[in-house]
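Working through the structure, step by step
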Amino acid sequence: MKKLYIETYGCQMNVYDSERIADLLAPFGYAPAARAEDADLVILNTCHIREKATEKVYSELGKLKLLKSRRAEAGESLLIGVAGCVAQAEGAEILARQSAVDILVGPQSYHRLPELIARLARGEGKSVQLDFPADEKFDSLPETRTAAGPAAFLTIQEGCDKFCTFCVVPYTRGAEFSRPVVRIEAEARSLADNGVREVTLLGQNVNAYRGEGPDGEAWTLAMLIRRLAQIPGIARLRYTTSHPRDMGADLIAVHGDEPKLMPYLHLPVQSGSDSVLKVMNRGHTRDAYLRIVDRIRSAQPKLALSSDFIVGFPGESDSDFEATLDLVRQVGFAQAFSFKYSARPGTPAASMAKQVPENVKLERLHVLQELIVSQSREFSRRMQDCVLPVLFEKPGRLPGQAVGRSPFLQPVHVDGAASYIGEIHNVRISKVLPNSLHGEFLRPAVLPAELAAH
Ligand code: SF4
C-alpha cells in the first residue's frame, strides 16, 4: 500500500473534494497517512479566497521540497500535488516557482489524478490539468462514500455566475453546475448506509441548485431536500452557502414544514449599505435582504441565522459602515463571519478607486465583531436550561466525553456520552460558554413542547 496525505485549506467544498480524492485513489493502492512525513503522495488542496492563503501554499511547498530531497538522498520518492483554487488561479506559475511540484489539478479536474500519477510513473513528465468539466468530474468519482463520522458534506452544486466584484470563485470554480438528483440521492444513500445521520448539502451558490430530476425536469433545492428527507437513516439535513437572490418561496416553505431540515441558515449579505451592495454587484438591496429574513422567520421562528460581512470595501464611507451595523442590529444574528476587504488579483474591485486605508478597515472590523459577538452570546445565553437534540459526532477532550451539534450547529459537550457517537439524544444545556455549550443527558421523559418538534 502507498500512503496519501492531503492538507486541506479553506471551505467545506474543499473538505468534500479532499474526501473524494481519497475515495478516488484508494482503489489505486493509496491509504491515508496521518502526516506528510509518512506519505508517498502529498496533495495540498488549496484556497484562494484570502491573500495570505496563496503565500501559505508556497511556504508549505518549500517545506515539502526539503522532505522530497531528503527522501531522494535515501533512495526513496515523494510525489507532490497541488489541487484546489490556488492551483486553478496560479496555474503553471506554481511549477515555475516551485520545481518540486509534480502534479497540478484544478477543483474541476482532480478526477484525472489516477491517470496523471500513472503518466508520471511511466516517465511522461509533470501534468497540469485545469479544465472545467464539472459533470465529467462527478461522473468519474466512486459512487460509494466512506464517511469520517456521523455528519458528512455532499456537494450538489459547483461554480458561480454571480460575479461579485470582490470574489475569485467564478474564475477558480467556473460556471454554476448542478448535479443530477439521482446521483446525489445515490451518494446520500451510500452515506446513510455508512452510518451518516446528518448531511450538509454544499454549493458555492447552493440555493441556485437546478439539477435534472428523475422526471427530466429541473429540480430546485427545496424539491431535492424533500426527496433526501425520505432516506431512512438520514435524520438531519443542512445546506450552505446561499445567496439572498436565490431564496425562493419553496425553499422558505421547506424550512417551515420539513422537520429534518435544521433551523440554521447561513445567508451572506456582506454589507448593509445599498451603495456598497451595488458596487459589490450583489444584485439585491438591504431591504430585500431584510424582507427575506422576515419571510424565513415567519416560516421557521426558531431559525438561527448566520451571515458574512466585508468591511472596508472600496468606497465604503462611515455612513455605509453605519448602515451595516444598523442591519446587524435589526436582524440579530446567531453567528456571523466578518473580514477586512482584501484585494484579490484579477477581480474588478482590486482596481477600484477609493481603496479604504488599512487602519480604517481594522477599526471597522473591531466595531462590527464586537456587535456580532454580543449577538451570538445573547443567542447562546438563551440556550441555558433548554433541552436540545444533539447528534454526537466525536469524542470530547475529556475521557468519556462526546461532542455533538445542536440543531443550531452549536458544539455541545456532554460527559459520559462517548458510547453514543452517531446517535441523537436529548440534552439539557447546563452551561453556556463563549463558543460552545455543555449539557447532560435528559432521559427522553419530558421535552418542552416548543422543542419536541425537532
Ligand atoms: S455569490 Fe459568492 S461565490 Fe459567487 S461571486 Fe459572489 S461571493 Fe463569490
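Residues numbered from 1 in each chain as written. Predicted model: local features only at pLDDT ≥ 70, side-chain atom pairs only at ≥ 80, totals over all residues. Heavy atoms only, no water.

A few points about the packing of aromatic side chains
- Here the structure, examined in full by the defined rule, presents 8 aromatic pairs.
- Aromatic pair Phe-163 and Tyr-171: ring centres 5.7 Å apart, planes at 75°, arrangement edge-to-face.
- Assessed through its relative accessible area of 39%, Tyr-171 is described here as partly exposed.
- With 4.9 Å between their ring centres and 70° between their planes, Tyr-420 and Phe-441 make a pair best called edge-to-face. Taken together, the residues span a long stretch of sequence, with Tyr-420 in the loop between strand E19 (411-414) and strand E20 (424-432) and Phe-441 in strand E21 (residues 437-441) at a distance of 21 residues.
- Taken together, the ring pairs connect Phe-166, Phe-313 and Tyr-341 into an aromatic cluster. (Phe/Tyr/Trp six-rings, centres within 6.5 Å; stacked < 30°, edge-to-face > 60°. Buried < 20%, exposed > 50% of the residue type's maximum accessible area, 1.4 Å probe, protein only. Helix = DSSP H or I, 4+ residues; strand = E, 2+ residues; numbered from the N terminus.)

A look at the sheet that holds E19
- The strand order E17-E18-E19-E21-E20 describes a closed barrel built from 5 strands, whose pairing is mixed. Mean inter-strand twist for the sheet, computed between neighbouring axes without regard to direction, equals 55°.
- Of the pairings in the sheet, the one linking strand E18 (residues 402-405) to E19 comprises 4 bridges and is antiparallel in character. What sits directly across from Val-403, in E19, is His-413. (Pairing = 2+ DSSP bridges. Axes fitted to C-alpha atoms, helices over the stretch in contact; angles between N-to-C directions.)

Description of helix H12 (residues 286-299)
- Over its 14 residues, H12 runs 20 Å from end to end, which matches the ideal 20 Å to within 8%, given 1.5 Å per residue.
- For H12, every residue scored as buried is listed here: Arg-286, Ala-288, Tyr-289, Leu-290, Ile-292, Val-293 and Ile-296. (Expected span 1.5 Å × (residues − 1).)

Points about the domain arrangement of the chain
- When its domains are assigned, the chain resolves into domain 1 (2-133), domain 2 (136-379) and domain 3 (387-441).
- Just the C-alpha atoms count here: the centres of domain 1 and domain 2 sit 28 Å apart.
- Each partner contributes residues to the interface: domain 1 has 25 residues there, and domain 2 has 30 residues.
- Viewed at the interface, domain 2 and domain 1 are joined by 4 salt bridges.
- In this structure, Glu-19 and Arg-145 form a salt bridge, with 2.6 Å as the shortest nitrogen-oxygen distance.
- Here domain 1 is connected to domain 2 by 11 residue pairs in polar contact (both at pLDDT 80 or more).
- Elements represented by at least two residues in the side of domain 1 that touches domain 2 include exactly helix H1 (12-25), helix H2 (51-73) and helix H3 (85-90).
- Top element by residues in the side of domain 1 that touches domain 2 is H1. It accounts for 10 residues.
- Its residues assigned to classes, the side of domain 1 that touches domain 2 shows 11 nonpolar, 7 polar and 7 charged. (Domains from an automatic or database assignment. Contact = heavy atoms within 4.5 Å. Salt bridge = Lys/Arg side-chain N within 4 Å of Asp/Glu carboxyl O. Polar contact = N/O pair within 3.5 Å; in protein donor to acceptor, adjacent residues only side chain to side chain. Nonpolar A, V, L, I, M, F, W, Y, C, P; charged D, E, K, R; others polar.)

Some thoughts on the site of the ligand
- Every residue near the ligand is listed here: Cys-160, Lys-162, Phe-163, Cys-164, Phe-166, Cys-167, Val-169, Pro-170, His-243 and Arg-282.
- Each residue belonging to the shell around the ligand can be placed in one class, and the counts come to 7 nonpolar, 1 polar and 2 charged. (Near = heavy atom within 4 Å.)

Re helix H9 (residues 221-228)
- Within the sequence span of H9, burial applies to Leu-221, Ala-222, Leu-224, Ile-225 and Leu-228. Mapping the buried residues of H9 onto a view down its axis gives an arc of 160°, with all of them on the same face.
- On its buried face, H9 is in contact with helix H8 (181-193), strand E10 (198-202), strand E12 (218-219), strand E13 (236-240) and helix H10 (249-257). (Arc of directions from axis to C-beta.)

Considerations on the side chain of Gln-375
- Looking at the element boundaries, Gln-375 is found in helix H14 (residues 358-381).
- Polar side-chain contacts of Gln-375 include one of 2.8 Å to the backbone nitrogen of Phe-333.
- Once residues within four sequence positions are removed from consideration, Gln-375 is found in contact with Val-328, Arg-329, Gly-332 and Phe-333.

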